[in-house]
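As a plain string of letters, each chain reads:
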Amino acid sequence: LGGGEACSSADVQRMVTRLYEQYQREKQRIFGDNKRFSQRMVPERIAPVRIGSRLIGGGELWWIAGPSHVQSPEQMVTIGAALARYDAGFMRARFHDQGVGAGEYLTQQLRLARATATRYSLKLVSEIRDCEHLKLLVESSDMLEVAPIQSNNLSQLRELSYAARTVVLHRN
């Protein structure tokens, strides 16, 4: 999974379950029974950020997970339900750029992702590759993620600084 190949609902469910179990084991290994373990992970100098009712950096760990690309309503329902079941809080999505007619295709993908996030009470995190569709992404998303390959694109980061959304810099 993750290489762009098709996968079944059962594959997605197994992957989410495996990641959740791995997260629980790692949390126990590092922090033992301390329920507020993530406070140790957030340096005091970083101010928490509120996204809707969720507070990032406020003492709880939130997952941001989702499909490598939005492909179908069935895929999004499966992923949305799994993320909601594990109280992920956020659904991350990347959108195909299909070249000719990309604007309409992107709009359809964003509507599908937004509807899924709303249905399962998730906040939508959208990956932005360039600022061509920035307005559309801002209108549809709760947060924007800058991919590692774009994290040094200063002109894009400058434009994102004016977007009325929290921006996550995804670094390797």
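Here's what I pulled together on the structure shown here. (Residues numbered from 1 in each chain as written. Predicted model: local features only at pLDDT ≥ 70, side-chain atom pairs only at ≥ 80, totals over all residues. Heavy atoms only, no water.)

### As for the overall build of the chain
Item 1. Looking only at helices and strands, the chain features five helices and seven strands.
Item 2. When the helices and strands of the chain are read in sequence order from the N terminus, they spell out α-β-β-β-α-β-α-β-α-β-α-β.
Item 3. For the chain, restricting intrachain contacts to residue pairs at least 6 apart in sequence, the fraction spanning at least 24 positions comes to 56%.
Item 4. Accessible area of the chain: about 10,300 Å², with a carbon and sulfur share of 52%. (Helix = DSSP H or I, 4+ residues; strand = E, 2+ residues; numbered from the N terminus. Contact = heavy atoms within 4.5 Å. Areas by Shrake-Rupley, 256 points an atom, 1.4 Å probe, with all protein chains shown as cover.)

### Points about the pairing of strand β7 (residues 166-169)
Item 1. Here four bridges tie strand β6 (residues 143-146) to β7, and the two strands are oriented parallel to one another. Paired with Met 143 across the bridge in β7 is Thr 166.
Item 2. You can see the chain leave β6, run along helix α5 (residues 154-160) and come back into β7, and the turn it takes is right-handed. (Pairing = 2+ DSSP bridges. Right-handed = clockwise from strand over helix to strand, strands pointing away.)

### Quick look at the environment of Glu 145
Item 1. Mapped onto the fold, Glu 145 is located in strand β6.
Item 2. Residue classification places Glu 145 among the buried positions, given a relative accessible area of 6%.
Item 3. Sequence separation of Glu 145 and Ile 128 is 17 residues, and the distance between their C-alpha atoms is 6.0 Å. (Buried < 20%, exposed > 50% of the residue type's maximum accessible area, 1.4 Å probe, protein only.)

### Some points on the side chain of Gln 156
Item 1. With respect to the element layout, Gln 156 can be found in helix α5.
Item 2. Gln 156 sits in the buried class, given a relative accessible area of 3%.
Item 3. Setting aside chain neighbours within four positions, we find Gln 156 in contact with Ile 128, Arg 129, Asp 130, Cys 131, Val 146 and Gln 150.

### What to know about the pattern of salt bridges
Side-chain pairs of opposite charge can arise whenever the charged atoms involved come near each other.
Item 1. With the rule as written, the count across this model stands at five salt bridges.
Item 2. In this structure, the salt-bridge partner of Glu 127 is Arg 92, at a minimum N-O distance of 2.4 Å. You can see Glu 127 sitting in strand β5 (residues 123-128) and its partner Arg 92 sitting in strand β4 (residues 89-93), a full 35 residues away along the chain. Taken as a pair, Glu 127 and Arg 92 share a single burial class, namely buried.
Item 3. Taken together, the shared-partner salt bridges in this structure form one network comprising Arg 92, Arg 94, Glu 127 and Glu 145. (Salt bridge = Lys/Arg side-chain N within 4 Å of Asp/Glu carboxyl O.)

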